[in-house]
Amino acid sequence: MSDLIRLSAADTAAAIARGEASAVEVAQAHLDRISAVDGQVRAFLHVDAEGAIAAAQAVDARRAAGETLLPLAGVPLAMKDVVVTEGLPTTAGSKILEGWRPPYDATITRRIKDAGIVILGKTNMDEFAMGSSTENSAYHPTHNPWDLTRIPGGSSGGSSAAVAAYEAPLSIGTDTGGSIRQPAAVTGIVGHKPTYGAVSRYGLIAFSSSLDQAGPFGRTVLDAALLHEVIAGHDRCDSTSLDLPVAPVVAAAREGATGDLRGVRIGVVRELGGEGYQAGVLQSFAAALDTLRGLGAEIVEVSCPHFEYALAAYYLIAPSECSSNLARFDSVRYGLRVGDDGANSLEDVMSLTREAGFGPEVKRRIIIGTYALSSGYYDAYYGQAQKVRTLIARDFAAAFEQADVLVSPTSPFVAFGIGERVDDPMAMYINDLCTLPASLAGTPAISVPCGLSEGLPVGLQIMAPTLADERCYRVGAAFESAVAPVLASIPELTR
Amino acid sequence: MFAGQLDVILGAVARVGEVAAADVPPTSHAVAMTNVYRPDEVRPSLPRAAVLAEAPSVEDEKFRVPRILSEEA
């Protein structure tokens, strides 16, 4: 395997800036890796070799002209297929958008291109980001590079698998209920869900608008921080975008890497652990607490009594919002159209198109959401879920009176087998048990690798108060500096 | 299969009703903002041809849709 694909994003950018490798060489090394292993991993829905080489050539030309390169210039990236990319196929993992080439770039796509980052292609995902295993992709499952018979997490499973398999040093995911953090955990990489509103949602195909947030994946905390600073910041095209300075996450990652957590209080959430969690996950988590204590942090226990209702609240709020958002797939302006034979009415064509174009999980959620919003049930379901959301935010506020950050396992389980849970939606939903509270409260949370159980990665979730994303990176980088790199144990893929 | 699954899901999410929350205000967004406006400036739109190029059916530089009224109407 080429050394160029083993480098961190920070080291890759430094090598390009110093002229030790060209951006084209780096891009080609990753395209070669994709050719060699993606037949097994299947992280990508679309690889844009031509576009990647052209973007890399532009970086090399800027360097040749004597320009100072931006911090991630020339570093390759895999983009989740829910983020629109001008001229590049964008499907959100759905047949209803098969073949669609967006006429514009998402704000984060534009920022990534402006930073000189090289987009390698679009990654697989659960259809419209609904799922925790990437098995709900309408195209194919993605395989966990740690064990090809297992899931890579989801919904951003193509993005997590691509980074873990050294197909890209960086990728973009989106997180509505845990779709960055859980895939990061089960593939042994770093993934961060920013504070809601920190990253623009313009051009991100909407699932649940009050929860959706894009964020970075990397193999190190610093790499994730560098990408975070590229994509974050106010955008007037997103009315929920925060008009505030970007959290200083790169400085925080560097500070954390010194391994000093003296004076930091870390709260262990009593409700996120115990029964229902795999023993190996709890063991790794307990060892992580010892490590954090060894770095000087003070560990305290906190209680968040309403977190146990997060799952119920989430699976009302997210489907309700999706039932409204997905109404836009009406076969008129873009995407699939079925049954337009001159005899069928517009309404018939819309129904036939949505019947053919949406997969089962999307239909389940549209049905649940429509029901939860209907006049007789609104107060008992959607209205009540919104009140529970308030109580969860209050639990966080009380806990952050006692601790600077909160920690838990990222997921109750390590990666499970492909096909094991597909017929049981509730067994799939409990993957998100630990990640849902931060989604509902809009608070930032990171997952960093914290060990292996049965030879598979376990993730440590670090949650911080709204707008304090830098605390996730500081504590995450300190932890990372104190433990053996988990990804060093990943089996070699090339046969 | 769907009916059974939906029953199970609805039973699970109905747990929100166990929480006493009569006097709790609802949260619709994590970070509440109101009246967010951007400057009212004219900016170029996407080129019409680029937008129509992705439409399932086009006629006279417009989206073509199936009939919306029945023959009798």
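Look above for the structure.
Residues numbered from 1 in each chain as written. Chains lettered and ligands numbered in written order. Predicted model: local features only at pLDDT ≥ 70, side-chain atom pairs only at ≥ 80, totals over all residues.

S.K.: Any chance you could break down the overall build of chain B for me, citing the residues and the numbers?
M.R.: Scanning chain B for helices and strands turns up two helices and two strands. Each helix (α) and strand (β) of chain B, taken in turn from the N terminus, gives the series α-α-β-β. At 24 Å, chain B has a C-alpha radius of gyration far larger than the 11 Å of a compact globule built from 73 residues. Its C-alpha atoms give chain B principal-axis dimensions of about 55 × 45 × 30 Å. Across the 73 residues of chain B, 11% fall into the buried class. (Helix = DSSP H or I, 4+ residues; strand = E, 2+ residues; numbered from the N terminus. Rg over C-alpha atoms; globule rule 2.2 N^0.38 Å. Buried ≥ 20, exposed ≤ 12 C-beta atoms within 10 Å, placed from the backbone.)

S.K.: Can you tell me about the overall build of chain A, naming the residues and giving the values?
M.R.: The secondary structure content of chain A amounts to 16 helices and eleven strands. At 21 Å, chain A has a C-alpha radius of gyration in line with the 23 Å of a compact globule built from 495 residues. Seen along its three principal axes, the alpha-carbon backbone of chain A occupies a region of about 65 × 55 × 45 Å. By residue count, 62% of the 495 residues in chain A fall in the buried class. In chain A, the proportion of contacts linking residues at least 24 apart, taken out of those at least 6 apart, comes to 77%. (Contact = placed C-beta atoms within 7 Å.)

S.K.: For the interface of chain B and chain A, give the residues involved together with the corresponding values.
M.R.: Listed by partner, the interface residues are 37 residues for chain B and 47 residues for chain A. Every element with two or more residues in the side of chain B that touches chain A is listed here: α1 (2-13) and α2 (48-52) of chain B. Examining the composition of the side of chain B that touches chain A, we find that eight residues originate from one element, α1 of chain B, more than from any other. Class assignment of the residues belonging to the side of chain B that touches chain A gives a composition of 26 nonpolar, seven polar and four charged. (Nonpolar A, V, L, I, M, F, W, Y, C, P; charged D, E, K, R; others polar.)

S.K.: Hey, could you go over the pairing of strand β7 (residues 265-269) of chain A for me, with residue numbers and the actual values?
M.R.: Regular strands place side chains that alternate from one sheet face to the opposite one. All names here are of chain A. Sheet topology note: the β7/strand β8 (residues 298-302) ladder contains five bridges and is parallel. Its bridge partner being in β8, V269 is matched across the sheet by V302. Read from β7 through helix α9 (residues 279-294) to β8, the crossover connection turns out right-handed. Examined bridge by bridge, β7 and strand β9 (residues 405-409) share three bridges and lie parallel to one another. Across the sheet, G267 pairs through a bridge with L406, a residue of β9. (Pairing = 2+ DSSP bridges. Right-handed = clockwise from strand over helix to strand, strands pointing away.)

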